[in-house]
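Tertiary structure, described
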Amino acid sequence: MSEHEISKAVVKRLPRYYRYLGDLINARVERIPSNELSDMMNVTASQIRQDLNNFGGFGQQGYGYNVKYLYNEIGKIIGLDKTYNMVVVGGGHLGQAIANYVKFEKRGFSIKCIFDINPELDGKMVRGIPIRMTDELPRFLRENDIQIAALTLPKSGAETVASVLVENGVKAIWNFAHTDLDLPEDVVVENVHLSESLMQLSYDLNHRRTMEKKS
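Since the structure is predicted, the reported quantities are computational estimates derived from the model, not experimental observations. Every chain is numbered on its own, with residues counted from 1 as its sequence reads. Residues qualify for local features only when their pLDDT is at least 70, as the model is predicted, and side-chain atom pairs are given and counted only at 80 or more; totals for whole chains, interfaces and linings, by contrast, use all residues. Hydrogens are left out, water is left out, and the side-chain values use all remaining heavy atoms of the structure.

Overview of the overall build of the protein chain
Note the threshold: What counts as a helix is a DSSP run of H or I of at least four residues, what counts as a strand is a run of E of at least two, and both are numbered from the N terminus. The cut-offs for exposure are 20% and 50% of the maximum accessible area for each residue type, with area from a 1.4 Å probe on protein chains only; residues under the lower value are buried, those over the upper are exposed, and the others partly exposed. The contact criterion used throughout is that any non-hydrogen atoms of two residues lie within 4.5 Å.
Counting secondary structure elements, the protein chain contains nine helices and ten strands. Viewed in the frame of its principal axes, the protein chain has a C-alpha envelope of about 60 × 50 × 35 Å. Each of the 215 residues in the protein chain was classed as buried or not, and the buried ones make up 39%. Here the contacts in the protein chain between residues at least 6 apart in sequence split such that 53% fall between residues at least 24 apart.

This is how it looks when you write it as C-alpha cells:
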C-alpha cells in the first residue's frame, strides 16, 4: 500500500507504537508477540498487525516482533532518522516550555531560535536558545533552512506570522494558536488546541458521572 492510501488513524498511532517500543528497549526486552504488545497498549493484536502491514509487516509467525528493529523502522517511517531545524514564534510561558523540552532534540528536532515582539525578552536565552524580535524572523528563516515552526502566540497574530513563515520556506507548522490557519495545501499544519482538549476531558468526565448516577 502506498503512503497516500494509509489512513490518518494509522499514522496517528505510529508515535504511540514508537513510545511503547522505546519503553521496551529501556526494559531490555528483545522481542514481543503482538498479543503482549496489545495488552500493553490496549489496542487489539489484529489492529497492530493491520497497522504494521501497511508498511511491510515486520513480524515473524511464532516469533513476534524484534523490538529494536521495529522501533528503528517506525522511527524511519515517522521521519525521525532526519534532523529538522525549528523556530518557536511566541516567547511566553508555552513557547519557553517547548524550548526547554530536551527530548525534542533527541528526536531530531533542533530549536534554533525563539521569536517574540516583547522587547524585554530580546537577547534572553532559554536553555541556550536565543530570543529575538519578530521583525528579524524572515531573514533568519531564509539563512537557517528552517523546516518547522511552532506557533505559541495569540490568535490575533497567528495568521500574519504563518504567512511570513510560508513565504520564507517553512513547510510545517505546529499550531498552538487558538485559530485554524488558512494556508497553501503544500504546508503541513498540526493544530494543538489545548482548550478544546480540556473541554473534551470535561465532557468525558461529566458523561461518566451521568452514567454512574443512572447505574
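Side note on the side chain of serine 34
Inspection of the secondary structure assignment puts serine 34 in helix α2 (residues 34–41). Aside from chain neighbours lying at most four places away, what touches serine 34 is Ala45, Ile48, Arg49 and Tyr65.

Some details on the packing of helix α1 (residues 8–26) against α2
To keep it simple, the criterion reads: Axis definition: a line fitted to C-alpha atoms, limited for helices to the stretch in contact. Angles are taken between N-to-C directions and run from 0 to 180 degrees. Put simply, angles under 35 degrees are roughly parallel, angles over 145 are roughly antiparallel, angles from 65 to 115 are roughly perpendicular, and the rest are oblique.
Contact pair α1 / α2: the axes reach a minimum separation of 11 Å and the direction vectors enclose 105°. The angle between α1 and α2 places the two elements in the roughly perpendicular class. Between α1 and α2, the residues in contact are Arg16, Tyr17, Tyr20 and Leu24 and Leu37, Met40 and Met41, respectively.

Looking at the pairing of strand β7 (residues 129–133)
To keep it simple, the criterion reads: The pairing criterion is simple: DSSP has to find at least two bridges between the two strands.
The alternating pattern of β7 places Ile129, Ile131 and Met133 on a buried face and Pro130 and Arg132 on a face that is not buried. In the sheet, strand β5 (residues 109–116) pairs with β7 via three bridges, with the strands oriented parallel. If you follow aspartate 116 over to β7, its bridge partner there is methionine 133. With two bridges connecting them, strand β6 (residues 125–126) and β7 associate as antiparallel partners. Bridge pairing in β7 places valine 126 opposite isoleucine 129.

Remarks on the side chain of asparagine 175
Quick reminder of the rule: Polar contacts, as counted here, are pairs of nitrogen or oxygen atoms within 3.5 Å of one another; within protein the pair requires one atom able to donate a hydrogen and one able to accept it, and residues that are adjacent in sequence qualify only if both atoms are side-chain atoms.
Along the chain, asparagine 175 falls in strand β9 (residues 172–175). Residue classification places asparagine 175 among the buried residues on the basis of a relative accessible area of 0%. Within the structure, asparagine 175 has its side chain in polar contact with the backbone oxygen of threonine 179 (distance 2.8 Å). What asparagine 175 contacts, discounting residues up to four positions off in sequence, is Leu151, Leu181, Val189, Glu190, Asn191, Val192 and His193.

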